[in-house]
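Chain by chain, the residues:
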Amino acid sequence: MTPKIARFLAGESLPSPCLVFDVDRLEANFRNLRRALPLVQIYYAVKANPAAPVLERLSTLGSRFDAASFEEIRNCLAAGAKPADISYGNTIKKTAAIRAAYAAGVRLYAFDSAEELKKLAENAPGAQVYCRILVANEGADWPLSRKFGAEIGLARELMLRAGDLGLDPCGLSFHVGSQQTRTASYEAAIGRVAMLFTDLIEAGVNVRMLNLGGGFPVSYRESVPPIDNFATAIMDAMTAHFGNQLPEMLIEPGRCLVADAGVVASEVVLVSRRSYNDPVRWVYLDIGRFGGLAETENEAIRYRIATPHDGGPIGPVAIAGPTCDGADILYQQTPYQLPIALVAGDRILLEGTGAYVTTYASQCFNGFPPLAEHYL
Ligand SMILES: *Cc1c(COP(=O)(O)O)cnc(C)c1O
């Protein structure tokens, strides 16, 4: 938590729960990433946190944007981005959305299938397109599975076809899965696409861009290697495969720019036990899976939790949200321990919640309003 957030929380009596986000921390994260990867163009993955103050600060810093819908594109433009700064990176787009993006001046699009390529040729004529390659997601706490990406053989065929359809097949992309903790996953993915890249050049395709996706991890309960390790692994792999003929390089970071800039303040609603001799206390918070903590599904993302009683004796807990849904449990398997002194009414802090929280909040499930947000 940053001093600015601490001061804000100390000074205000805020309705609970709420997210408090330090935009200066976002700026520091962006500058650090640009320092670590100076040859790489940064396209912020808007879905990680699409709030206007986030987009505006990034736009001021010269970031570009990876958008997944026309609505995200519109928000980027409203925040000061130029159409040329925006990549429409979702491989699943409605025809109407492609048309709207094209009319707004967006000229860079992702695809991973023949069907989507046809839609792009018809509704975004002459646009630059890049093919997303299916790569392994091992080592990712929040994998993107087989939902996206073409196998190498199909990708090769589609890149050739894109040219025939009047599009500009400019590049290749991959995503190694979110909260990817292994540098080796980037190395392996780069090796895979590098072979196809060379092959396409030999086949006469003017392929010149490699989009390395997102996935860069942040430290939640468990700490992860620093961003510099990922940067070094990426540049070493790029140099090993491309030598001095480095293609234009892009990344689409989301989580690593915004996660540690945000803290959710939540109130303890109830601390209870299932039976007299069960050592595990159930701690119910006023935020849960439906209040925005969707990434606790399968306990994939394990947030650090701070309480007013930290330093005192602790004991095992299960942690759940306030709704009447049995799926609204945050942690039951992960061995969380919280202070014995914790009682209803205490304010606890969920740290690292600046990414993938606010927009995952349900509209009004059980009557609970969407998460309040404060940007400092
Ligand atoms: C979600 C997403 C990202 C951002 O991933 P992070 O793990 O948050 O860095 C980047 N690119 C695409 C295509 C995505 O869907």
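Residues numbered from 1 in each chain as written. Predicted model: local features only at pLDDT ≥ 70, side-chain atom pairs only at ≥ 80, totals over all residues. Heavy atoms only, no water.

Okay, the sheet that holds strand 6 (residues 128-132) next. The strand order around the closed barrel formed by eight strands is 2-3-4-5-6-8-10-11, and the pairing between neighbours is parallel. In this sheet, neighbouring strand axes are inclined to one another by 30° on average, regardless of whether the strands run parallel or antiparallel. Judged from the three bridges that link them, strand 2 (residues 40-45) and strand 3 (residues 64-67) form a sheet pairing that is parallel. From the neighbouring strand, Tyr43 faces strand 3, where its bridge partner is Arg64. In the packing of helix 6 (residues 114-123) onto the sheet, the strands contacted are strand 5 (108-111) and strand 6, and the crossing angle to strand 5 comes to about 155°. (Pairing = 2+ DSSP bridges. Helix = DSSP H or I, 4+ residues; strand = E, 2+ residues; numbered from the N terminus. Axes fitted to C-alpha atoms, helices over the stretch in contact; angles between N-to-C directions. Contact = heavy atoms within 4.5 Å.)

Let us look at helix 3 (residues 52-60). Of all the residues in helix 3, the buried ones are Val54, Leu55, Leu58 and Ser59. Considered in projection along helix 3, the buried side chains sweep an arc of 125° and stay on one side of the axis. (Buried < 20%, exposed > 50% of the residue type's maximum accessible area, 1.4 Å probe, protein only. Arc of directions from axis to C-beta.)

Where interface size is given, it is often the accessible area lost as the parts come together that is meant. The domain architecture assigned to the protein consists of domain 1 (50-253) and domain 2 (260-375). Look at where the C-alpha atoms of domain 1 and domain 2 centre, and you get two points 34 Å apart. A buried area of about 1300 Å², summed over both sides, lies between domain 1 and domain 2, and 60% of it is on carbon and sulfur atoms. Of all residues in domain 1, the largest losses of buried area upon contact with domain 2 belong to Trp142, Tyr220 and Arg221, amounting jointly to 59% of the total for that side. (Domains from an automatic or database assignment. Buried area = accessible area lost by both parts, 1.4 Å probe.)

What tends to happen in soluble globular proteins is that the nonpolar side chains get buried as a cluster. Counting 104 residues, the largest nonpolar core has Tyr44, Tyr109 and Leu172 as its most contacted members. In terms of domain composition, this core takes at least three residues from each of domain 1 (50-253) and domain 2 (260-375). Sequence-distant contacts of Leu172, defined by excluding residues within four places in its chain, comprise Tyr130, Cys131, Ile133, Met159, Val193, Leu196, Phe197, Leu200, Val207, Met209, Leu210 and Asn211. If you look at the next biggest cluster of nonpolar residues, it comprises ten residues, including Phe8, Leu14, Ala265 and Ala306. (Core = buried A, V, L, I, M, F, W, Y, C linked by side-chain atoms within 4.5 Å.)

The description of two aromatic rings rests on the distance between their centres and on the angle between their planes. Under the defined criterion, the tally for this structure stands at ten aromatic pairs. Relative to Tyr303, the ring of Tyr220 lies with its centre 5.5 Å away and its plane at 90°, an arrangement referred to as edge-to-face. In this pair, Tyr220 is assigned in the loop between strand 10 (209-211) and helix 9 (227-242) and Tyr303 in the loop between strand 13 (281-285) and strand 14 (304-306), connecting sequence segments 83 residues apart. The buried category is assigned to Tyr303, whose relative accessible area is 1%. By way of ring pairs, the aromatic residues Tyr186, Phe216 and Phe230 are connected into one cluster. Seen from the ring of Tyr336, Arg221 lies directly overhead, with NZ or CZ sitting 4.1 Å from the centre. Note that Arg274 overlies the ring of Trp282, its terminal NZ or CZ placed 5.4 Å from the centroid. (Phe/Tyr/Trp six-rings, centres within 6.5 Å; stacked < 30°, edge-to-face > 60°. Lys NZ or Arg CZ within 6 Å of the ring centre and 35° of its normal.)

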